[in-house]
Amino acid sequence: MSAPDAVPSASHAPLYRRLFLIAVVALALALRFDLLTLEAQTAGTLTLILWTTALALIALEASDALGISRRWLVIALPMLWLFVFFLVPFLVLGRISIAESMIARPPYSPLWERGSDGSLEIIASLDNYRFLLSDALYRNAYLSSFRVAAISTIFALLIGYPLAYYIARAPEPRRSILLLLVILPFWTSFLLRVYAWIGFLRRDGVINNILTWAGVIDEPLVMMQTDLAVYIGIVYTYLPFMILPLYANLVKLDGALLEAAGDLGASPMVTFLTITLPLSLPGIVAGSMLVFIPAIGEYVIPALLGGPDTLMIGRVLWDEFFASRDWPVASAVAIVMLVLVVLPIMWLQSVQNREVPK
Amino acid sequence: MNLRGYFLPVVATLGFVFLYAPIVSLVVFSFNESRLVTVWGGFSTRWYGELLRDGQMLSAAWVSLKVATLSATLATVIGTLAAFTLTRFARFRGKLLLTGMVTAPLVMPEVITGLSLLLLFVTMENMLGWPAGRGLTTVVIAHATFCAAYVTVIAQSRLRDMDESLEEAARDLGAGPVRVFFDITLPVITPALISGWLLAFTLSLDDLVVASFVSGPGASTLPMVIFSKVRLGVSPDVNALATIIIVIVAIAVTIAGLLLRRQHKKY
């Protein structure tokens, strides 16, 4: 900021602000020690609001008293929130991934224990990671997550590209309507859209009924609980994410380039391959990332549409946690996923972002 | 006849059929008399009646609305502050960290977000005694955290595009930084904040995975109830619910479209 921040001296801090702070802290403490009886949920939410307010007010007092610029307060709130609720959870995740599973509440071993002679004993081992390496289930799950996400992304690209191209070339009133039609399903429930496909793909579902009625097949096709159903589900759910960046890219394409190529005798196919396709590469990359990233950790679609042998890592983690109640192994699965999947994607994105300004 | 002239329209039509056929069939079979979802047994609205008598579903819908409203509001506050910090403060310690923490949730698989937050809540409860158990509060915190990232992205692009000379002019005229923010910056970026809030609201309403991890007894959200129903097979009252949601969305989109058109005409 160019203008110097006004720093009022401590004596300027209004009295009502301090009284308010004292009231907030008193209320929060009363809640903490059960002096007030409230419904548990209301109390929980109120506690969060009270402590956040109290912290903000204390920070305001402190910055005034110490003469620190108030802009730090603006920085501090999002920083603190994300630090506590986004960064710290990963430390906890890492710590529990080296714990032992045990029947207790919570179901894992503490980080240290006092021995009988009072010595401090740290309980940590890499056994969970060794277990992941030794069991082929986990390796297969990681590999097949990559495969399913990659195949779905390719299908989404093959369907999304012509659609995006068509919309980008449509005359104006129609173009906006078509674009709206692509976005609209996104605003309805994701879960219900996946559910709709169960009715389509079942043994006595819509597709089998139509095909049998038309005499194309005698026996109903088996489509539910297959990998095909998972591909369809992923492509269907994330198709708008593929179309929008492609559209944004293709709509900027200079028609004069295509005309020039045509005038110089290039066939439409050659024009497409040598001009349209290379120029739309950024759109292809952006769209593919937007489909691939959520697909690889997907849980709901394989759980609802896939069969028992559709292994995906999100599903394995879920089952490890909810079915086996093995929190340490679930944490180890998450940490490996973080290293193998999320970090490369973040690295790729930062490389991409660095290239954009050039 | 030119084959290529037909190729694109045909593919585009098929694409839109692919997008809308499942939704249309959801709506059609919600008016089906038969319990078998895919066999037509005559027109009926009985599933809507059954939906309205389903206490579990209704209380879950109420929980979801509360969670979505609270977390979208919280996410908008955090996201706006983060975006403002990142675009207006030239350099400060921890800027790189904040940039990372703001963009990372966008690529984080939901299962990891859910699991790591649950473990944080359990650890905090053991060490600090708060949050006591899991429920509405923990879901709100979790949703606000990942939705804040989306709000930040939207607010950031608006803040970058906006004419900074407006803020400078206000400062030159003697307005303090707080006054400049509330009188100039905030009104200019309000449309972006509204769309950010709406996006956060939708994401929160839609989330199954994170909520399943961090929710507790008595705080089942609507997607959690739908999921447990749908897992056991198709059930027509879910179709009825889907139809209601689709109608609400269609009305909201139409109203938003009309408002936008009126605004375009004004300028």
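Residues numbered from 1 in each chain as written. Chains lettered and ligands numbered in written order. Predicted model: local features only at pLDDT ≥ 70, side-chain atom pairs only at ≥ 80, totals over all residues. Heavy atoms only, no water.

A. Looking closely at the pattern of salt bridges. Inspection of every chain in the model, using the stated rule, returns 11 salt bridges over all chains. As a salt-bridge pair, A:D204 and A:R202 come within 3.0 Å of each other at their nearest N and O atoms. One salt bridge connects B:E125 with B:R134, and the closest N-O pair in it is separated by 3.8 Å. With a relative accessible area of 26%, B:R134 lands in the partly exposed category. When salt bridges with common partners are traced through the structure, they connect B:D54, B:K229 and B:D237 into a single cluster. (Salt bridge = Lys/Arg side-chain N within 4 Å of Asp/Glu carboxyl O. Buried < 20%, exposed > 50% of the residue type's maximum accessible area, 1.4 Å probe, protein only.)

B. How the structure looks around the UniProt feature "transmembrane region" (unreviewed entry) in chain A. Residue and element names in this part refer to chain A. Per the UniProt annotation, the sites labelled "transmembrane region" (unreviewed entry) are residues 42-60, 72-92, 141-165, 177-198, 228-248, 269-296 and 327-348. Summarising residues 177-198: 91% helix, 0% strand, and an end-to-end C-alpha distance of 29 Å. Here residues 228-248 is 100% helix and 0% strand, with 30 Å between the C-alpha atoms at its ends. (UniProt positions renumbered as here; feature names shortened; annotations may be inferred. Helix = DSSP H or I, 4+ residues; strand = E, 2+ residues; numbered from the N terminus.)

C. Geometry of the confidence of the model for chain B. Residues at a pLDDT of 70 or more form 96% of chain B, whose mean pLDDT is 86. Confidence scores differ between elements of chain B, with helix α11 (residues 236-266) of chain B showing the lowest mean pLDDT of 81 and helix α9 (residues 209-214) of chain B the highest of 94. (pLDDT = per-residue confidence, 0-100.)

D. Region of interest: the UniProt feature "domain: ABC transmembrane type-1" (unreviewed entry) in chain B. UniProt records the feature "domain: ABC transmembrane type-1" (unreviewed entry) for residues 61-257 of chain B in the present numbering. Across residues 61-257 of chain B one finds 83% helix and 0% strand; the C-alpha atoms that close the span lie 26 Å apart.

E. Fine view of the UniProt feature "domain: ABC transmembrane type-1" (unreviewed entry) in chain A. The sites that carry the UniProt feature "domain: ABC transmembrane type-1" (unreviewed entry) are, in the present numbering, residues 142-348 of chain A. Segment residues 142-348 of chain A splits into 79% helix and 0% strand. End C-alpha atoms: 19 Å apart.

F. Local environment of the interface of chain A and chain B. Taken residue by residue, the interface counts 87 residues in chain A and 87 residues in chain B. Both sides together, the interface formed by chain A and chain B hides about 8200 Å², and carbon and sulfur atoms give 81% of it. The interface formed by chain A and chain B holds zero salt bridges in total. Across the chain A-chain B interface, the total number found is eight residue pairs in polar contact (both at pLDDT 80 or more). (Contact = heavy atoms within 4.5 Å. Buried area = accessible area lost by both parts, 1.4 Å probe. Polar contact = N/O pair within 3.5 Å; in protein donor to acceptor, adjacent residues only side chain to side chain.)

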